[in-house]
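A closer look at the structure
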Amino acid sequence: FLVSVCVVWLLCVSVMLCSVCTAPVCTNAQVGCHAVSLNNLFDRIIQHSAKMHRVSNDLHQQFELHVLPSRNQVGRGGHICHTSTIMTPNGKENAQRMAREGLTQVILQLLMAWTDPLMNLHHSSTNVSVDMSSMVGELRRGVQRLAEKMHTLGLLTDPDSSVVSPEALMTSHPVPWRLMNLYDILYCFRRDSNKVHNYLRILKCRIVPEHGC
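Given the structure is predicted, the values throughout are model-derived calculations rather than measurements.

Moving on, we get to the packing of helix 2 (residues 38–66) against helix 7 (residues 182–207). Packing of helix 2 against helix 7 brings their axes to within 9 Å, and their N-to-C directions diverge by 160°. Taken together, the axis directions place helix 2 and helix 7 in an arrangement best described as roughly antiparallel. Viewed along their axes, helix 2 and helix 7 form a crossing whose handedness is left-handed. Taken together, the residues of the contact of helix 2 with helix 7 sort by class into 16 nonpolar, 9 polar and 5 charged.

Here's what the structure looks like:
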């Protein structure tokens with residue numbers, strides 16, 4: 001039954017992702033893509049992050065509704081997330097005071113940290129045909145393009161920093177994700193997807209405040 005619940009909502013992921021599929025986006029004038037404004041690029045990425053968080057929240061709620069009651073685990077605490085060592089700003093005000101480079105870096109770190117856990121969830125779930133990690137991967141690549149464009153416009157410093165290469169940011173986690181159960185993975189993914197969405201909105205308001213902030 002758990003698999004069937006996941007299948008239904010993972011299929012919803014594919015529908016949601018298709019709704020934001022667009023032609024290739026470039027930061028400059030490469031062949032085969034069309035340039036978009038910084039504001040439009042922010043809007044696309046924030047829209048994608050909102051859908052990712054909505055799906056993660058739905059998955060978590062469905063798990064609590066259909067699975068946990070039979071296991072007498074509703075309301076249990078003690079969630080331990082493998083991303084707990086990533087230094088994220090606590091609260092909106094701290095995020096607003098954080099340097100642009102640092103906030104972009106945190107967003108990429110969180111997205112990178114979820115690639116393997118979601119890929120493993122896809123491969124270990126029978127008949128689950130939708131790879132959840134693709135959702136995170138698309139968002140990560142979008143944020144990387146955003147960082148490149150902001151650097152091109154002189155809004156970010158140090159083009160060779162780990163902001164553009166998030167793989168260099170990953171640190172060893174004291175809580176390996178392989179030791180987390182499914183409920184903790186869904187709980188932590190919901191928490192981190194919410195952080196990513198909020199940080200992206202804050203970053204946009206700091207970079208292009210004239211557009212809806």
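There's more to say after this.
With that settled, the discussion passes to the confidence of the model for the protein. Averaged over the protein, the pLDDT score is 74; the fraction of residues at 70 or greater is 61%. Every residue in residues 1–5 scores below 50 in pLDDT, and together they form 8 contacts with partners more than four places removed in sequence or on other chains. Scored below 50 in pLDDT, residues 162–172 shows 25 contacts in the model against residues more than four places distant or in partner chains.

A few words on the nonpolar core. Ranked by internal contacts, the top residues of the largest apolar core, which has 44 residues, are Phe42, Ile107, Leu111, Leu139, Val143, Met150 and Leu200. The dominant element in this core, judged by the number of residues it contributes, is helix 7, at 12 residues. Excluding its chain neighbours within four sequence positions, the residues that come into contact with valine 143 are Ile45, Thr104, Ile107, Leu108, Leu111 and Leu200.

All chains considered together, the criterion is met by 1 disulfide. Disulfide pairing places cysteine 81 opposite cysteine 188 at an S-S distance of 2.0 Å. Taking the torsion about the S-S bond as the criterion, the cysteine 81 to cysteine 188 disulfide, at about -85°, is left-handed. Here cysteine 81 is found in the loop between helix 2 and helix 3 (92–97), whereas its partner cysteine 188 is found in helix 7, with 107 residues between them in sequence.

Turning our eyes to something else, we now look at the pattern of salt bridges. Charged atoms that come close allow side chains of opposite charge to pair. Under the criterion given, the structure shown has 3 salt bridges. The closest approach of N and O atoms between arginine 191 and aspartate 192, which form a salt bridge, is 3.1 Å. When its relative accessible area of 1% is taken as the criterion, aspartate 192 is described as buried.

Take a probe with the size of a water molecule and roll it over the atoms, and the empty space left behind shows itself. In the structure shown here, the tally under the stated rule is 1 cavity of 30 Å³ or more. By volume, the largest cavity amounts to about 40 Å³. Lining the largest cavity we find Met52, Leu110, Leu111, Trp114, Phe189, Asp192, Ser193 and Val196. Counting residues per element, the ones that place at least two in the lining of the largest cavity are helix 4 (100–113) and helix 7. Element by element, the count of residues in the lining of the largest cavity is highest for helix 7, at 4 residues.

What follows covers the layout of surface pockets. The computed volume of the second largest pocket comes to approximately 260 Å³. Surrounding the second largest pocket, Pro89, Gly91, Lys92, Ala95, Gln96, Asn194, Lys195, Asn198, Tyr199, Arg201, Ile202 and Cys205 form its lining. Listed by contribution, the elements that provide at least two residues to the lining of the second largest pocket are helix 3 and helix 7. Per-element accounting of the lining of the second largest pocket gives the leading share, 7 residues, to helix 7. Residue composition of the lining of the second largest pocket, by class: 5 nonpolar, 4 polar and 3 charged.

Reading the values: the criteria
- Residues numbered from 1 in each chain as written.
- Predicted model: local features only at pLDDT ≥ 70, side-chain atom pairs only at ≥ 80, totals over all residues.
- Heavy atoms only, no water.
- Axes fitted to C-alpha atoms, helices over the stretch in contact; angles between N-to-C directions.
- Helix = DSSP H or I, 4+ residues; strand = E, 2+ residues; numbered from the N terminus.
- Parallel < 35°, antiparallel > 145°, perpendicular 65-115°, else oblique.
- Left-handed = near helix turned anticlockwise from the far one by under 90°.
- Nonpolar A, V, L, I, M, F, W, Y, C, P; charged D, E, K, R; others polar.
- pLDDT = per-residue confidence, 0-100.
- Contact = heavy atoms within 4.5 Å.
- Core = buried A, V, L, I, M, F, W, Y, C linked by side-chain atoms within 4.5 Å.
- Buried < 20%, exposed > 50% of the residue type's maximum accessible area, 1.4 Å probe, protein only.
- Disulfide = S-S within 2.5 Å.
- Salt bridge = Lys/Arg side-chain N within 4 Å of Asp/Glu carboxyl O.
- 1 Å grid on protein atoms, 1.4 Å probe; cavity = no way out; pocket = protein on both sides within 12 Å on 5 of 7 lines; lining within 4 Å.
- Points joined across faces, edges and corners; volume = space filled by probe spheres on them.

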